[in-house]
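Given next are the chains, with one letter for each unit.
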Amino acid sequence: MGWLSEGLGLHRDALKEGLGGETVEYLMKIIFYPPCPKLELLYGAPHHTDLNGITFLIADEVDGLQAYQDNKWVDVKYDDSSIVVIIADQIKRMSNGRYKSGEHRVTMDTVRTRLSWPVFAEPNLDHVVGPLAELVIDDAPKFKPYVYREYKYLKMNKLPID
Ligand SMILES: O=C(O)CCC(=O)C(=O)O
Ligand SMILES: [Fe+2]
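Definitions and cut-offs
- Residues numbered from 1 in each chain as written.
- Chains lettered and ligands numbered in written order.
- Predicted model: local features only at pLDDT ≥ 70, side-chain atom pairs only at ≥ 80, totals over all residues.
- Heavy atoms only, no water.
- Helix = DSSP H or I, 4+ residues; strand = E, 2+ residues; numbered from the N terminus.
- Rg over C-alpha atoms; globule rule 2.2 N^0.38 Å.
- Contact = heavy atoms within 4.5 Å.
- Areas by Shrake-Rupley, 256 points an atom, 1.4 Å probe, with all protein chains shown as cover.
- Lys, Arg positive; Asp, Glu negative; His and termini not counted.
- Charge placed at Lys NZ, Arg CZ, Asp CG, Glu CD.
- Near = heavy atom within 4 Å.
- Polar contact = N/O pair within 3.5 Å; in protein donor to acceptor, adjacent residues only side chain to side chain.
- 1 Å grid on protein atoms, 1.4 Å probe; cavity = no way out; pocket = protein on both sides within 12 Å on 5 of 7 lines; lining within 4 Å.
- Points joined across faces, edges and corners; volume = space filled by probe spheres on them.
- Nonpolar A, V, L, I, M, F, W, Y, C, P; charged D, E, K, R; others polar.
- Donors = N, O, S within 2.8 Å, 3.2 Å for Na, K, Ca; no water.
- Buried < 20%, exposed > 50% of the residue type's maximum accessible area, 1.4 Å probe, protein only.

A. Geometry of the overall build of the protein chain. What the protein chain contains, in helices and strands, is four helices and 11 strands. Taking 15 Å as the expected radius of gyration for a compact globule of 162 residues, we find that the protein chain reaches 17 Å, a close match to that expectation. Partitioning the contacts of the protein chain with sequence separation of at least 6, the portion at a separation of at least 24 is 75%. Accessible area for the protein chain stands at about 9600 Å²; split by element, carbon and sulfur atoms hold 57% of it. Distance between charge centres in the protein chain, computed from 19 positive and 24 negative side chains, equals 5 Å.

B. Quick peek at the site of ligand 1. Around ligand 1, the neighbouring residues are Lys 29, Ile 31, Tyr 33, His 48, Asp 50, Leu 57, Leu 65, His 104, Val 106, Arg 114, Ser 116 and Phe 120. Within the side chain of His 48, one N or O atom sits 3.1 Å away from an oxygen atom of ligand 1. One nitrogen or oxygen atom from the side chain of Ser 116 is found 2.7 Å from an oxygen atom belonging to ligand 1. Computed on the free molecule, ligand 1 has an accessible area of 300 Å², of which 93% lies beneath the protein chains in the complex.

C. Summary view of the layout of surface pockets. Its boundaries defined by the atoms lining it, the largest pocket holds a volume of some 770 Å³. In terms of lining, the largest pocket is formed by 30 residues, of which the most central are Lys 29, His 48, Thr 49, Asp 50 and Leu 51. Listing elements by their share of the lining of the largest pocket, those giving two or more residues are strand E2 (31–33), strand E3 (45–48), strand E4 (54–59), strand E8 (104–106), strand E9 (114–122) and helix H4 (148–156). The element that contributes the greatest number of residues to the lining of the largest pocket is E9, accounting for five residues. The class makeup of the residues in the lining of the largest pocket is 14 nonpolar, eight polar and eight charged. Within this model, the second largest pocket holds a volume of roughly 190 Å³. For the second largest pocket, the lining is made up of 16 residues, of which Ala 59, Lys 77, Tyr 78, Asp 79 and Val 84 are closest to its centre. Here the lining of the second largest pocket gets three residues from one element, more than from any other, and that element is E4.

D. Highlighting the coordination of the iron ion (ligand 2). Coordination of the iron ion (ligand 2) by the protein is provided by His 48 (NE2), Asp 50 (OD) and His 104 (NE2), with metal-donor distances spanning 2.1 Å. Look at where the donors of the iron ion (ligand 2) fall in the sequence and you get H-x1-D-x53-H. Linking Asp 50 in the loop between E3 and E4 with His 104 in strand E8, this pair joins segments that are 54 residues apart in sequence. His 104 matches Asp 50 in its accessibility class, with the two residues each being buried.

E. Structural detail: empty space enclosed by the protein. Within the structure shown, the criterion is met by one cavity of 30 Å³ or more. Reported here for the largest cavity is a volume of approximately 30 Å³. Along its surface, the largest cavity is lined by Tyr 33, Pro 34, Val 62, Asp 63, Thr 107, Met 108, Asp 109, Arg 112 and Arg 114. Among the residues making up the lining of the largest cavity, the classes are represented as four nonpolar, one polar and four charged.

So, in structure tokens, the structure goes:
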């Protein structure tokens, strides 16, 4: 997040502070995708952006994660020395849209089980996240600030956000 903050011309801690500093919570999920013989029937995870701040993901060697890039879905290839980093909604909002949140989905495998271990860095539920003050001096804010609890509720229930 330090590099991402510097990429916005801000000090290294700007995005972490915007996300709530030491109150940021790290939620690890362990996701089990059983084999699916009929791939056309379902996705392991339909296309989405993550609602938190930033996601760090480790998965096993069964591919499945795809990122939407240049108007097409691209496989995120397994690499045993890499962690996948996904910019999520709250970084998009804090950056006033200068960073996008990465659209992704998960396809199933017809014969193999897949496991993944994403860690979601997310604001505390009572923390308010919105465009960082330094980024809306010259530019109009593109997003309204939300208490994270409310943002999460709206997104999880597919209700209008902006
Ligand atoms: O299992 C994966 O590779 C990604 C899971 C995911 O996108 C999510 O839980 O938000
Ligand atoms: Fe995701």
